[in-house]
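Architecture and fold: a report
Chain by chain, the residues run as shown.
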Amino acid sequence: VSTMNAKTSSRGEEEASGKRNETLGERDCLGEAKRRQVIRVAYVIAALDLTLLFMQLGVMPYLARSLGVDSVGFGYLQTTFGVLQLVGGYIFGRFADQFGARAALILSCVSGSIFFLLMTLSTSIPILFLSRLPAVFMHGMPGAQKVITDMTSPSQRAGALGKLGFCFGVGIIFGSVLGGVLSTKFGVYFPTYVGLVGSVINTLIAMVCIPSQTKPESDHHVTEQGTSQSGSLFSIREILRLMKFPGVMEVFIIKVFAGLPIGLFMIMFSIISMDFFGLEAVESGYLMSYIGVLQMVVQGLVVGKLSNHCTEMTLLRLSVFVFAGVGLGMALMRTVWHYCIVAVPLVFAFSTLATITDSILTKAVPSSDTGAMLGICASVQPLTRTVGPTIGGVLYKQFGVASFGYLQLMVNLGLFVYLWKNKIPLEEMKS
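Presented here is a report on the structure given in the accompanying data block. Because the structure is predicted, anything quoted here is derived from the model rather than measured.

This brings us to the overall build of the chain. Looking only at helices and strands, the chain features 18 helices and 0 strands. Put simply, 85% of the contacts in the chain that link residues at least 6 apart link residues at least 24 apart. A total of about 20300 Å² of accessible surface is found on the chain, and carbon and sulfur atoms cover 67% of it.

Mapped onto the fold, Gly-75 is located in helix 2 (residues 71-99). Distance in space between the C-alpha atoms of Gly-75 and Thr-390 is 9.1 Å, their sequence separation being 315 residues.

This part is about the packing of helix 14 (residues 312-332) against helix 15 (residues 336-364). At a minimum axis separation of 8 Å, helix 14 and helix 15 run at an interaxial angle of 150°. Between helix 14 and helix 15, the angle is such that the two are roughly antiparallel. Every pair of crossing elements has a handedness; the one defined by helix 14 and helix 15 is left-handed. Its residues placed into classes, the contact of helix 14 with helix 15 shows 17 nonpolar, 5 polar and 2 charged.

Now for the pattern of salt bridges. Going through the model one piece at a time under the given rule, you end up with 4 salt bridges. Residue Asp-150 is joined to Lys-146 by a salt bridge in which the shortest nitrogen-to-oxygen separation is 3.4 Å. Note that Asp-150 and Lys-146 are positioned in helix 5 (residues 140-151) at a spacing of 4 residues, about one turn of the helix. By relative accessible area, which is 2% here, Lys-146 ends up buried. For the salt bridge of Glu-312 with Lys-363, the shortest nitrogen-to-oxygen distance reads 3.0 Å. One end of the pair, Glu-312, is in helix 14; the other, Lys-363, is in helix 15, and 51 residues separate them in sequence. Of the residues examined, Glu-312 reaches a relative accessible area of 19% and is grouped as buried. Here the salt bridges share partners, and the residues they tie into one network are Asp-97, Lys-146 and Asp-150.

So, on to the packing of helix 5 against helix 16 (residues 370-378). Each packed pair of helices is defined by two parameters, the angle between the axes and the distance between the axes. For the pair helix 5 and helix 16, the least separation of the axes is 10 Å and the interaxial angle reads 145°. Handedness of the crossing formed by helix 5 with helix 16: right-handed. Touching Pro-142, Gln-145, Lys-146, Thr-149 and Asp-150 of helix 5 are Thr-370, Gly-371, Leu-374 and Ala-378, all from helix 16. In the contact of helix 5 with helix 16, the residues fall into 3 nonpolar, 4 polar and 2 charged.

Turning to the packing of aromatic side chains, a few remarks are in order. The full count for this structure, using the stated rule, is 10 aromatic pairs. With centroids separated by 6.3 Å and ring planes inclined at 55°, the aromatic side chains of Phe-81 and Phe-115 adopt a geometry described as tilted. Here Phe-81, found in helix 2, pairs with Phe-115, found in helix 3 (residues 101-120); they are 34 residues apart in sequence, far enough to count as distant. A relative accessible area of 4% means that Phe-81 is categorised as buried. Between the aromatic rings of Phe-265 and Tyr-339, the centroid separation amounts to 5.8 Å while the plane-to-plane angle is 40°, which identifies the pairing as tilted. Placement of Phe-265 in helix 11 (residues 248-267) and of Tyr-339 in helix 15 is noted, with a sequence separation of 74 residues between them. Tyr-339 gets classed as buried once you look at its relative accessible area, which sits at 1%. Among the aromatic side chains, those forming a connected cluster through ring pairs are Phe-265, Phe-276, Phe-277, Tyr-339 and Phe-404.

The rules behind these values
- Residues numbered from 1 in each chain as written.
- Predicted model: local features only at pLDDT ≥ 70, side-chain atom pairs only at ≥ 80, totals over all residues.
- Heavy atoms only, no water.
- Helix = DSSP H or I, 4+ residues; strand = E, 2+ residues; numbered from the N terminus.
- Contact = heavy atoms within 4.5 Å.
- Areas by Shrake-Rupley, 256 points an atom, 1.4 Å probe, with all protein chains shown as cover.
- Axes fitted to C-alpha atoms, helices over the stretch in contact; angles between N-to-C directions.
- Parallel < 35°, antiparallel > 145°, perpendicular 65-115°, else oblique.
- Left-handed = near helix turned anticlockwise from the far one by under 90°.
- Nonpolar A, V, L, I, M, F, W, Y, C, P; charged D, E, K, R; others polar.
- Salt bridge = Lys/Arg side-chain N within 4 Å of Asp/Glu carboxyl O.
- Buried < 20%, exposed > 50% of the residue type's maximum accessible area, 1.4 Å probe, protein only.
- Phe/Tyr/Trp six-rings, centres within 6.5 Å; stacked < 30°, edge-to-face > 60°.

Purely geometric stuff here, so don't read any function into it on its own.
Listed below in structure tokens is the structure:
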């Protein structure tokens with residue numbers, strides 16, 4: 001009897017244990033489904049935000065010209081935008097760490113709404129410059145990256161961040177086309193009204209579809225305890241603290257300098273396309289759409305696949321090496337068809353470098369500082385836009401288009417030799 005009771009008890013415990021495992025499995029599946037849903041919403045917000053951004057970038061020269069802004073004044077306008085984004089990137093990241101990714105995305109979308117509202121009211125040059133001020137908090141891409149960083153495991157992060165490049169391609173293609181078509185048919189101010197409506201829609205999507213807490217519960221406790229020594233949104237000491245983590249400074253320097261020459265080229269591209277390639281405005285738009293398609297294919301499909309089969313340091317070395325080859329191709333190109341060929345490895349290297357460095361740097365710091373790290377990474381492009389017009393203008397005027405290629409070749413060859421001979425001491429932080 002006792003043996004039978006023991007068997008019955010054991011069977012009951014096994015059934016209960018099986019039911020508990022099934023329940024936990026269902027909860028895990030529900031949690032995973034919810035995470036995938038939130039990540040998709042982040043992709044939608046990023047795509048819409050980038051579409052509106054490229055739409056205003058295409059319209060801005062014509063709007064400025066209609067208000068009587070000359071080329072020098074337009075340069076000041078672009079520099080103002082770059083400085084605001086440069087200063088705001090880190091502040092936005094710290095805000096995301098302290099108040100959550102949802103609050104940060106809402107802040108970015110609301111800032112975009114104010115940005116486009118002021119553009120619709122820009123009937124004078126001072127108001128046009130004033131409309132740049134909300135750009136300090138317009139960081140839709142870093143906000144989406146913060147959501148994805150919170151909702152993915154370290155092993156999934158590179159692939160998930162890489163798919164944001166698909167959103168970037170969508171933004172380039174549809175933003176450029178919409179800006180040109182709408183301004184031609186309905187006037188230069190019409191795209192700003194569309195941008196205002198789009199930013200309001202983005203705000204509502206973020207408020208409704210992004211959960212208030214995107215970090216896993218274990219990370220939430222770490223965040224509450226905090227490793228930060230300052231509660232302020234901007235602190236030089238906090239930036240230096242993040243840079244002291246193993247390998248962070250080295251990877252960040254590689255991120256900045258590897259893409260700097262091509263960043264200077266892209267800033268001068270509107271002038272190069274007219275003077276060097278002899279393209280009309282429509283043809284230049286087609287070329288940008290071609291770049292956007294390449295971006296979608298490479299970051300949406302290629303980078304994620306490679307991250308599953310290669311280590312991140314291998315991909316970092318590969319991107320720098322390809323960048324060096326791109327520099328040689330740029331130095332030798334003479335026609336727009338040459339550029340179309342060079343653009344394939346260029347987009348691959350650029351996309352891989354951006355995705356892999358973001359993934360490495362967010363894993364190298366505590367989970368409570370991923371927003372600040374993403375904000376620092378997001379400041380690289382505004383920094384290039386700030387110093388780029390001056391440096392790029394001098395290079396183009398004094399040495400021609402080939403100078404960008406030779407600079408790209410020399411810088412990235414030096415970085416590749418450094419990566420080959422030196423082992424960067426990276427440590428993945430655990431929650």
